Structure formats: C-alpha cells, structure tokens
Amino acid sequence: MTAKEKELIYTLLKTAQDNLCGYASSSFSVAPIFTDDMLPPPKPEPATEQKEKPASTTLTSLADKIATCTRCQLCKTRRNVVPGMGVLQPLVCVIGEGPGYEEDLSGLPFVGAAGKLLDKMLSAIKLSRATNCYICNIVKCRPPQNRTPLPEEAAACESFLQAQLSLLKPKMILCVGSTAAKNLLQTADGITRLRGAFYDWNGIPVGVTYHPSALLRDVRLKGDAWEDLQRFRDRLRTIAPDYNAAFSA
C-alpha cells in the first residue's frame, strides 16, 4: 500500500470517528492498524490449467511407427518397410498392392521394372512423384515371393494407409491394380468391373486402372490403361486449377 493510499484511508476513518463522537479527535491513529505486514496477503493468481498437447502426427512420425510394426507376419520376412515417397501436398496419391523385391531392398515404392513403367504412365498425364504425386501401397512390407497380401495383412496396414491419406489430402487417388482398389474401396469387384468409373473415399475421387506389372505381362492391356489415365486426367483438370494450368502453359 502506498503512502497516499494510507493517508486517504486515515482521513476517511478519522472523519467517521469525529462524526460519531461529535468533536474532532487529535489522538486518532491508524498507523498500527494498516502496516503492510498486517495486511491480508494478496490472493494468488489462479493457476492456468496446463493441458498436455497430443503429439502431432506427421508422415515422418508415421513412418517411424511403420518401421517398428509387428502387427502381422510380414514383419518376419521383410528387409525394409516401404512407407511411401513423393511430395507432401500431392495432387494425386497413387496406391499399389505391396513392395516387391527391389522395393524391399531399397525401402522405396515402385523402383523396379513396374515402377519405371508407372513413372512413364504418370508422366504421360503430367504427374510425377517428384512434383505432384505421392506413391504408397496397401501393405508396407513385401509379401514372400511377391504373392497377393492376405486379408489380415492388408487389415494390419489399413490404419497406416488411412493416416497417410488424411495427412496428404490429395485431390484424387489412383488405385493401380485389383488389390489396391478392393482394399481401399472395400469391394469384392475386380479390376474389370471397377475400371471406367470414379468412386469416393472420404470425399476424394478415386480412379482405378491396371497395375503396371499386369501391363508388363500383357501389353494388350495398355490401350485400356491409357483410356483410364485420360479419364483420370480429365477429372483432375476439373478440380485442380494448378494442374489444369500445366496444359495451357
């Protein structure tokens, strides 16, 4: 309390006593009553509740979780996990079946012969893992002898894929191959029935075409795949202005 504040209180109290007594008192004193050490202690400031912020999930932290995953038997035979690769804000997320021999060695998706063909397919419609795509698979570990992932293996990786798509927020998704389409869309239909139409995954349009390895085995499918890619390109042009601008440059 400042001296001025003490003086003000003294004056008020003395005036009140004079009025009660009917005369002015010269012996009134409040100094002993209002010494600083006798004042009530100041109320402590209310403590601000500190809420622990949940750790933010990023593609890097997700990849760390995938690297230590033991949810299914594929962890016993893998050399490396293959989370995915590409840009962080892609126009398109390309989803395949699972890593092969070359991918298992390198830890990167689609780096073998099928991967080289995929890069050519994407380049034909002005897409690339280096500039506007992210590439990943239904399962993140190689199935032995490159067999089709078992349902329980795909289910073990499902939350990883959903987390990736939620983080990436692509404008469109391209499923290459029957396994990718069946698992993402939760359908029993095969590639022949799924081609030629668009589907929806949490508000994101999904297109379907053949896996590049299928095109390497049967070149007669390449014409159908090119039709799929053109259809996919035209749909992407309607929803992604930046992508559309690439065709008028």
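Residues numbered from 1 in each chain as written. Predicted model: local features only at pLDDT ≥ 70, side-chain atom pairs only at ≥ 80, totals over all residues. Heavy atoms only, no water.

Enquirer: Looking at this model, I keep getting lost on helix H2 (residues 59–67). Mind explaining?
Expert: Every α-helix carries 3.6 residues per turn, so stepping three or four residues along brings you back to the same face. Among the residues of H2, Leu 59, Leu 62 and Ile 66 are the ones counted as buried. Down the axis of H2, the buried set is contained in an arc of 60°. They therefore lie on one face. In this structure, the buried side of H2 is in contact with strand S3 (133–137) and helix H5 (151–168). (Buried < 20%, exposed > 50% of the residue type's maximum accessible area, 1.4 Å probe, protein only. Helix = DSSP H or I, 4+ residues; strand = E, 2+ residues; numbered from the N terminus. Arc of directions from axis to C-beta. Contact = heavy atoms within 4.5 Å.)

Enquirer: I keep staring at the sheet that holds strand S4 (residues 172–176) and nothing clicks. Help me out?
Expert: Adjacent strands of a sheet pair through backbone hydrogen bonds, lying either parallel or antiparallel. In space, the six strands of this open sheet follow the order S1-S3-S2-S4-S6-S5, with mixed pairing throughout. The sheet is open, and its two edges are formed by strand S1 (85–86) and strand S5 (199–201), each paired on a single side. Taken together, the two bridges between S1 and S3 define a ladder with antiparallel strand orientation. By the bridge assignment, Gly 86 is partnered in S3 with Tyr 134. Running at roughly 130° to S4, helix H6 (residues 178–185) makes contact with strand S2 (92–96), S4, S5 and strand S6 (204–209) of the sheet. (Pairing = 2+ DSSP bridges. Axes fitted to C-alpha atoms, helices over the stretch in contact; angles between N-to-C directions.)

Enquirer: Explain the side chain of Glu 103 to me, please; I cannot follow it from the model alone.
Expert: Among the structural elements, Glu 103 can be located in helix H3 (residues 101–106). It turns out Glu 103 is buried and unbridged, and the closest side chain with the opposite charge, Arg 142, is 7.1 Å from it. Here Gly 112 takes part through its backbone nitrogen, which lies 3.2 Å from a polar atom of the side chain of Glu 103. (Lys, Arg positive; Asp, Glu negative; His and termini not counted. Salt bridge = Lys/Arg side-chain N within 4 Å of Asp/Glu carboxyl O. Polar contact = N/O pair within 3.5 Å; in protein donor to acceptor, adjacent residues only side chain to side chain.)

Enquirer: Honestly, the confidence of the model for the protein in this entry has me stumped. Any pointers?
Expert: Low-confidence regions, as indicated by low pLDDT, have predicted coordinates that should not be scrutinised in detail. Summarising the model, the protein shows a mean pLDDT of 86, and 77% of its residues fall at 70 or more. This stretch, residues 25–39, has a pLDDT under 50; its non-local contacts, to residues over four places away or in other chains, come to 19 contacts. (pLDDT = per-residue confidence, 0-100.)

Enquirer: Would you explain the state of the cysteines in this entry?
Expert: Here is the idea: a disulfide is a covalent bond, and it sits between the sulfur atoms of two cysteines. Enumeration according to the criterion identifies zero disulfides in this entry. Left without a disulfide partner, Cys 69 is nearest to the cysteine sulfur of Cys 157, which lies 5.9 Å away. Taking the relative accessible area as the measure of exposure, Cys 69 reaches 13% and is therefore buried. (Disulfide = S-S within 2.5 Å.)

Enquirer: Got a minute to help me understand the environment of Asp 104 in this structure?
Expert: As for its position among the elements, Asp 104 is in helix H3. Given a relative accessible area of 2%, Asp 104 falls into the buried group. C-alpha separation for the pair Asp 104 and Val 82, spaced 22 residues apart in sequence, amounts to 7.0 Å. Within the structure, the side chain of Asp 104 is placed 2.9 Å from the backbone nitrogen of Arg 79, a separation counted as a polar contact.

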